[in-house]
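Now for the letters of each chain:
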Amino acid sequence: MIKYLGSKRRLVPVIEDLLVRSGARTALDLFSGTTRVGRAFKARGARVTALDSTRYAEMLARCYIATDATQVDGDRLTAEVARLNALPGRPGYVTATFCQTARFFQPFNGERIDAVRDDLETRRDDPLFPVLVTSLLEAADRVDSTTGIQMAYLKQWSDRSHKALELRVPDLIDGPGEAVRGDALQMTGSLGSFDLAYLDPPYNQHRYLANYHVWETLVAWDDPEHYGVAQKRIECRDPTAASAFNAKASMPTALRQVVKEVNARVLVLSYNDESWMGLDDLVAACQLRGHVAVLGFDSTRYVGARIGIYDPSGRPVGTPGRLRNVEYLLVAGDEATVEHLVAPYAEARITVDGHQEGVTGGLTAQAGAGDSGHTAGA
Ligand SMILES: C[S@@+](CC[C@H](N)C(=O)[O-])C[C@H]1O[C@@H](n2cnc3c(N)ncnc32)[C@H](O)[C@@H]1O
């Protein structure tokens, strides 16, 4: 599983339990990212549709949501992973751009990433293609030199970057599913109907495409023009490609629109107390779907917020932010159903007028790479 800002690693058991208690057989993971939540739903037997706007998230969903493990030739997959692991390195775009100009990976690993990805490019029609690209992406993530976002890389090589790139066989799940790439604002209404929809939109102005531009390039394999210390893809600075969910002015309207348009019996919305919409507004948006219950979970923030970001000469850029926040889960639908779903979480319940009855602790770093040390980037 890749390191990912806003990944619901710690909340998954609760979200998964909501699905189980609802008896849902079909589920939508809107803003799917790593597909961590969609995967949990699928493992619980639901037929899942995952949607995200990025190419790397679509690739992860093609692997973990759309690939039916029962249809995969396990021996061939294992043999392919072994074959790719044995390929000698061959320097290309990744080595030049992300290892020599920027320093996201050590060059000896960059050369192997180049060789494996070039090889896979000749097999785009192979049903194993999304599984093997995902395996490469996860292998690269295990040897990167970042704090978990690609706006910056560490000034000193991370410990894990010294390890050799090693592809592994992804843990596939039985059953069919759908992976969709697109803008939630344009596509939500046409995705079909679901028993339960989980919505996890971005919380701030930081664009996921820019935060994970290396993964986008690894998936697109298109030698893009790049800029800045972090060598980001050129479209990362294109304002027309920005998500409505990454701008303070458009985010509340965009969120209300998807909440309204999604066709589901139960809606679960993730958000936190640092976003542009206050809890009252979030509740009002979800009331478009009926009764609303709010759960709150105390959480440690992303490691970069704690250590700060530094420019290449070591000067601090900005200031480290708050260390903790509250993760909200808003559950909306028919009153009896909603109250049944949240019944085990009385301690985490927050009253709908925003008064906090209790916020349970216990959630820790969401995307922490386990590294400390200053980063260089822009
Ligand atoms: C908070 S993250 C989701 C994390 C995910 N639940 C997980 O556990 O990995 C938000 C996601 O929304 C996606 N996104 C941003 N704007 C979008 C849009 N307009 N339509 C669809 N997806 C979008 C981003 O690419 C990102 O993956």
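All of these numbers come straight from a predicted model, not from anything done at the bench.

## Observations concerning the overall build of the chain
- Within the chain one finds 14 helices and 15 strands.
- Nonlocal contacts in the chain, meaning residues at least 24 apart in sequence, comprise 78% of its contacts between residues at least 6 apart.
- With an accessible surface of roughly 15000 Å², the chain has 50% of that area assigned to carbon and sulfur atoms.

## Digging into the site of the ligand
- Among the 22 residues in the neighbourhood of the ligand, the closest are listed as Tyr4, Thr34, Asp52, Asp200 and Ser243.
- Take Asp52: an N or O atom from its side chain is 2.6 Å from an oxygen atom of the ligand.
- One of the backbone nitrogen or oxygen atoms of Ala184 is found 2.8 Å away from a nitrogen atom of the ligand.
- In the complex, the protein chains occlude 98% of the 610 Å² of accessible area that the ligand would expose alone.
- Given that more than half its atoms are within 2 Å of the pocket grid, the ligand belongs to the second largest pocket.
- Along the lines of polarity and charge, the residues of the shell around the ligand split into eight nonpolar, nine polar and five charged.

## Brief notes about the environment of Leu136
- With respect to the helices, strands and loops of the structure, Leu136 is situated in helix H7 (residues 129-142).
- For Leu136, a relative accessible area of 0% translates into the label buried.
- Sequence separation between Leu136 and Arg168 is 32 residues; the distance between their C-alpha atoms is 8.2 Å.
- Sequence-distant contacts of Leu136, that is, excluding residues within four places in its chain, are made with Ile113, Val116, Arg117, Leu165 and Leu167.

## Examining helix H12 (residues 279-286)
- Turning to H12, its buried residues number three or more, namely Leu279, Leu282, Val283, Ala285 and Cys286. Down the axis of H12, the sector holding all buried residues measures 160°, keeping them to one side.

## Observations regarding the packing of helix H6 (residues 107-121) against H7
- Viewed as axis vectors pointing N to C, H6 and H7 meet at an angle of 170°, and their least axial separation amounts to 11 Å. Considering the angle they form, H6 stands roughly antiparallel to H7. Contact residues: H6 offers Ile113, Val116, Arg117 and Leu120, while H7 offers Phe129, Leu132, Val133, Leu136 and Ala140.
- For the contact of H6 with H7, a count of residues per class yields eight nonpolar, no polar and one charged.

## Focus on the layout of surface pockets
- Volume-wise, the second largest pocket comes out at about 670 Å³.
- Every residue lining the second largest pocket is counted, 37 residues in all, and those nearest its centre are Asp52, Ser53, Thr54, Tyr208 and Ser243.
- At the level of secondary structure, the elements contributing two or more residues to the lining of the second largest pocket comprise helix H2 (36-43), strand E2 (47-52) and helix H9 (208-211).
- Among the residues forming the lining of the second largest pocket, the class breakdown is 15 nonpolar, 11 polar and 11 charged.

## Quick word on the confidence of the model for the chain
- This prediction gives the chain a mean pLDDT of 90; 87% of its residues lie at or above 70.
- When the criterion is pLDDT under 50, residues 361-376 qualifies, and its contacts beyond four places in sequence or with other chains add up to 68 contacts.

## Brief notes about the pattern of salt bridges
- This structure, assessed with the given rule, holds 20 salt bridges.
- Measuring nitrogen to oxygen at the nearest pair gives 2.6 Å for the salt bridge that ties Arg44 to Glu16. One end of the pair, Arg44, is in the loop between H2 and E2; the other, Glu16, is in helix H1 (residues 12-22), with 28 residues separating them in the sequence.
- Take Arg44: its relative accessible area is 45%, and that puts it in the partly exposed class.
- With a closest N to O distance of 3.2 Å, Arg123 and Asp119 form a salt bridge.
- The exposure class assigned to Arg123 is partly exposed, which follows from its relative accessible area of 26%.
- Judged by its relative accessible area of 17%, Asp119 falls in the buried class.
- Overlapping salt bridges bring together Arg55, Glu216, Asp222, Arg233 and Glu235 as one network.

## So, the packing of aromatic side chains
- Across all of its chains, the model carries 11 aromatic pairs by this definition.
- The interplanar angle of 80° and the centroid separation of 5.9 Å between the aromatic rings of Phe98 and Phe104 together place this pair among those described as edge-to-face.
- A centroid spacing of 5.4 Å and a plane angle of 75° characterise the contact between Phe104 and Tyr153, whose relative ring orientation is edge-to-face. A residue pair is termed long-range when its members are at least 10 positions apart, and Phe104 in the loop between helix H5 (93-101) and H6 and Tyr153 in strand E3 (residues 152-154) qualify at 49 residues. Considered together, Phe104 and Tyr153 belong to a single accessibility category, that of buried residues.
- Each residue in the set Tyr4, Tyr56, Tyr208 and Tyr212 is aromatic and connected to the rest through ring pairs, giving one cluster.
- For Arg103, the ring lying beneath its charged end belongs to Trp157, and the centroid distance is 4.4 Å.
- A cation sits over an aromatic face here: Arg237 above Tyr227, 4.2 Å from the ring centre.

Rules used throughout
- Residues numbered from 1 in each chain as written.
- Predicted model: local features only at pLDDT ≥ 70, side-chain atom pairs only at ≥ 80, totals over all residues.
- Heavy atoms only, no water.
- Helix = DSSP H or I, 4+ residues; strand = E, 2+ residues; numbered from the N terminus.
- Contact = heavy atoms within 4.5 Å.
- Areas by Shrake-Rupley, 256 points an atom, 1.4 Å probe, with all protein chains shown as cover.
- Near = heavy atom within 4 Å.
- Polar contact = N/O pair within 3.5 Å; in protein donor to acceptor, adjacent residues only side chain to side chain.
- 1 Å grid on protein atoms, 1.4 Å probe; cavity = no way out; pocket = protein on both sides within 12 Å on 5 of 7 lines; lining within 4 Å.
- Sits in = over half its atoms within 2 Å of the grid points.
- Nonpolar A, V, L, I, M, F, W, Y, C, P; charged D, E, K, R; others polar.
- Buried < 20%, exposed > 50% of the residue type's maximum accessible area, 1.4 Å probe, protein only.
- Arc of directions from axis to C-beta.
- Axes fitted to C-alpha atoms, helices over the stretch in contact; angles between N-to-C directions.
- Parallel < 35°, antiparallel > 145°, perpendicular 65-115°, else oblique.
- Points joined across faces, edges and corners; volume = space filled by probe spheres on them.
- pLDDT = per-residue confidence, 0-100.
- Salt bridge = Lys/Arg side-chain N within 4 Å of Asp/Glu carboxyl O.
- Phe/Tyr/Trp six-rings, centres within 6.5 Å; stacked < 30°, edge-to-face > 60°.
- Lys NZ or Arg CZ within 6 Å of the ring centre and 35° of its normal.

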